Every structure is written in structure tokens, then in C-alpha cells.
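# Report on the structure
What follows is each chain in one-letter form.
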Amino acid sequence: MKNLLVTGGAGFIGTNFVYYWLNKYPEDHIVVLDALTYAGNKANLSEAQKNPKFEFVHGNILDETLVESLLIHHKIDTIVHFAAESHVDRSIHGPDEFINTNIVGTHTLLKAAKKIWLDDKPQNHRFHHISTDEVYGSLKPNDPPFTETTPYAPNSPYAASKAASDHLVRAYHKTYGLQVTISNCSNNYGPYQFPEKLIPLIITNILNGKPLPVYGDGKQIRDWLYVDDHNLGVDLILEKGKIGETYNIGGNNEWTNIDIVKLACDLIYNKFSKNKDLVKTFSNCPSSQGKHPETLITHVKDRLGHDRRYAINAEKITSDLGYSPRESFETGIKKTLDWVLENKKWWRKIMDKSFMEWVNCNYD
Ligand code: NAD
Ligand code: TYD
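Residues numbered from 1 in each chain as written. Chains lettered and ligands numbered in written order. Predicted model: local features only at pLDDT ≥ 70, side-chain atom pairs only at ≥ 80, totals over all residues. Heavy atoms only, no water.

## A few points about the environment of F272
Looking at where F272 falls in the secondary structure, it is placed in helix 8 (residues 257-274). Residue classification places F272 among the buried residues on the basis of a relative accessible area of 3%. Residues within four places of F272 in sequence aside, it is in contact with L207, L278, V279, F282, C285, S287 and S288. (Helix = DSSP H or I, 4+ residues; strand = E, 2+ residues; numbered from the N terminus. Buried < 20%, exposed > 50% of the residue type's maximum accessible area, 1.4 Å probe, protein only. Contact = heavy atoms within 4.5 Å.)

## Focus: the site of ligand 2
Ligand 2 sits among 18 residues. The nearest are E134, P213, R222, R303 and H306. Contact between ligand 2 and L198: an oxygen atom at 2.9 Å from a main-chain N or O atom of the residue. N257 places a side-chain nitrogen or oxygen 2.8 Å from an oxygen atom of ligand 2. Within the complex, 97% of the 510 Å² of free accessible area of ligand 2 lies under protein. Per-element tally for the shell around ligand 2: the top contributor is strand 8 (residues 212-215), with 3 residues. A class-by-class count of the residues in the shell around ligand 2 yields 8 nonpolar, 5 polar and 5 charged. (Near = heavy atom within 4 Å. Polar contact = N/O pair within 3.5 Å; in protein donor to acceptor, adjacent residues only side chain to side chain. Areas by Shrake-Rupley, 256 points an atom, 1.4 Å probe, with all protein chains shown as cover. Nonpolar A, V, L, I, M, F, W, Y, C, P; charged D, E, K, R; others polar.)

## Structural notes on the sheet that holds strand 5 (residues 126-132)
One key point about sheets: their strands pair by backbone hydrogen bonds, in either a parallel or an antiparallel sense. Strand order in the open sheet made by the 7 strands is 3-2-1-4-5-6-10, with parallel pairing throughout. On the outer flanks of this sheet lie strand 3 (54-58) and strand 10 (246-249), each paired with one strand and no other. The sheet shows a mean angle of 20° between the axes of neighbouring strands, direction not considered. The sheet contact formed by strand 1 (residues 3-7) and strand 2 (residues 29-34) spans 5 bridges and is parallel. Within strand 2, the position partnered with L4 by the bridge is I30. In the packing of helix 4 (residues 96-120) onto the sheet, the strands contacted are strand 1, strand 4 (78-81) and strand 5, and the crossing angle to strand 5 comes to about 165°. (Pairing = 2+ DSSP bridges. Axes fitted to C-alpha atoms, helices over the stretch in contact; angles between N-to-C directions.)

## Some points on the site of ligand 1
Close to ligand 1 lie 28 residues, the nearest being I13, D34, S86, Y158 and K162. A distance of 3.5 Å is found between an oxygen atom of ligand 1 and a backbone nitrogen or oxygen belonging to L36. Y158 has a polar side-chain atom sitting 2.6 Å from an oxygen atom of ligand 1. Relative to its unbound accessible area of 840 Å², ligand 1 is 96% covered by the protein chains. Contributions of two or more residues to the shell around ligand 1 are made by helix 1 (12-24), strand 5, helix 5 (157-176) and strand 7 (187-189). Tallying contributions element by element places strand 5 first for the shell around ligand 1, with 3 residues. Residue classes in the shell around ligand 1 are distributed as 13 nonpolar, 13 polar and 2 charged.

Okay, structure coming up:
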């Protein structure tokens, strides 16, 4: 039985992780610590809150006293650290929050974990740090995918802040013996993803009949993984991973951005042609007038320092821990589209005035 502290549990991956874990390990306790930034949504966890083994704490990972008291009070033995500023474009416009949360916040958690788990009353524990493949930088078309030994070369303020946090986690293991593991995952997609990220942005814009902004030539490549396959990897690392090790998680699923956008257009066009209810619900969608949504594709100015290609070599987690993603891209993207179609209240509430102001300033 574990007592977990899940930071950032009201965000996209954290929310999915909480449901994954409560479902798979009903005997475990989970405390979520989340500051509810623009990306956090307490309502995501409303089902979890019906479970007596779950508790939500509204607070910041930068609050060391709070973190220490949670570790003691809830007898936490496992931290799964998702909390972060996570959007590359926002890190280009305003890097400070990324430095505060991703670097100083991670260090605050590490200090609290060391104090409670190592200094005060030594106990068995685990600090699992969630990171990204973006720390490795950008690949050329024929480069082999990133392995755990690929040198770090982060290019955006987001990636640099995540790289710094990875180094701090590693250093707390090497220097103080904190029992850590790290995972570096490729791009995730699935339910609850904030509609500033490519896949939910494209789907919701198609449904609203708005332009589909493709940065530059759209030939940049990302390696897409369904969110619960990320959670499956984290689960295996928590259960069987070796202390002090890093594991890459990915689905061997490279796509150019423009092909992802075209795929979303095709899927929606086909769905609307077979379902009259959708036509009524989403009257601004071009498919409601029998038009193909590809007419909405708009090439816009490229992102500064835009990484050309990411790809993950997941051989280590596959061979050492028996990892294998359950979802194919075909099934995962259909599930995601269905979730967006069924949860329009969720994303319409998020796409409020402040979100639209941010989106508009991003394209200036
Ligand atoms: P997200 O932006 O959807 O959610 C982040 C959550 O962290 C939000 O609930 C937010 O309120 C919370 N948070 C932010 N600052 C905080 C603070 N100072 N204290 C407490 N809570 C705070 O992010 P996500 O996409 O779910 O990503 C989660 C983690 O996974 C991040 O560490 C990210 O770097 C990593 N990751 C994401 C992807 C991806 O494709 N989304 C891929 C690989 C790794
Ligand atoms: P994103 O979802 O922001 O993830 P990341 O930058 O962490 O990989 O973007 C995925 C890719 O899609 C990235 O190459 C940038 C591109 N992109 C667009 O072309 N248009 C958009 O509106 C957004 C948000 C992203």
C-alpha cells in the first residue's frame, strides 16, 4: 500500500494519472497538491473527490512548510511530481514562471523530501520526477531517436527549466541518497489536455470554425503517446524501476504537425457526415455545411527556436520493465476526439476571454 503525493494533479497528465491510479490500486491513498494555475482545474477531479482515499490540497510546490507538513501528516512515501509550467510558447513570452515552478519548485520539493525522508526519520521512499524528451534538443531527419544517454541540449526556456530540474533530482540522489527515478516522455495527447496544445487546439478550432494555426511549414515532427500509456510507464517505474535511473517513455509514433492537422480534419469531416446531431451542436464547424475543415488551415509565423524533430527510443523501459503502449495512434486519437465532442462544456469554459487574449498575443 502506498501513500502518494501527486503534484500538479489537476492538470492534464496529473488528472489522468489520478484516475489511472485510483482504478488500478484502490487500496492506495492519493493527496494532490496543485496551485490551480490557468492550466489546473479542480473540477477535473470531481469524481476522485467522492473517494475517501483521495484528498485535494490547493497549494504551491514552492511552499516548503506546506510540503513538509503534507509529507508528515499524510505519511507520504511516494511523490509523483507532475507540477510544472508546461507550454513552450508561454515560456518564450514569459520565462520567469518556468524558472520559479519548474526549477525552484522542484528544488523545494527535493529539500522537503530530504528533510522528512532522510534527515528527520529515515524511511523507504520514492521521488519520481516527470520530465520531457524536449531536454534532449532537436533531431535531424536521419538522427537516431533519443536514448537515456543522449546529451542534454534544451532549446526553449521550458525545456531548459525541465533539464535543470532533472539535474537537481539526479544530484539529490548522487549527493544525499534520495531514492529518485526520472522519466522523460514524448508528446502526450488525450482527455483533459488544455486546448493551447496542438491536438486539442486543432480539434476545438475545427469545431468552432476557427483558423488552424500551423507554425512555419508544419513539417516539424513530434512522437505522440496516449496519456494513459505515459501513466502506464510511470506505474512500471514506480513498481519495478531501479533507484537513480532515468527511463524514456514513448510510443514510436512520429508525425509531422501538418499531417496531424489533416488527420484531425479528416476524422471530423467523416464523423459529421454520419451524425446529424453533431451538425446541430457544432453549427460553426465547416463540416456542418458539408465543407472539409482543411479550408481552415493557416500557416502562421514560426515559433522562435522551434525544435524540428523529437523521437524517443523506449528500448530501456521496454526491455527492463516490460513496457508496451496499449493504445495505437488510431484508437487513441479517436478516443480523444470523442472525449472532446462529449465534453464541450469543459473546453468552452476554459476558452474564456483571458485564454483567447493569450492565443491572440501568441500570433502577433
Ligand atoms: P499542465 O500544464 O496541463 O498541468 C500542470 C499542472 O501543474 C496544473 O494543474 C497546474 O495548476 C499545476 N502547477 C503549476 N505550477 C504549480 C505550482 N507552482 N505548484 C503547484 N502546482 C502547480 O501540464 P501537463 O501537460 O499535465 O504536464 C505535466 C508534467 O508532464 C509536466 O512536468 C510536463 O513537463 C511533463 N510532460 C508533459 C508532456 C506533454 O505532452 N503534456 C510530455 C512530457 C512530459
Ligand atoms: P505543442 O502541443 O505546443 O507541444 P511541444 O511544443 O511541447 O512539442 O506543439 C506541438 C507541435 O505543434 C510543435 O511543433 C508546435 C506545433 N504547433 C503549431 O504548429 N500550431 C499551434 O497552434 C501549436 C499550439 C503548436
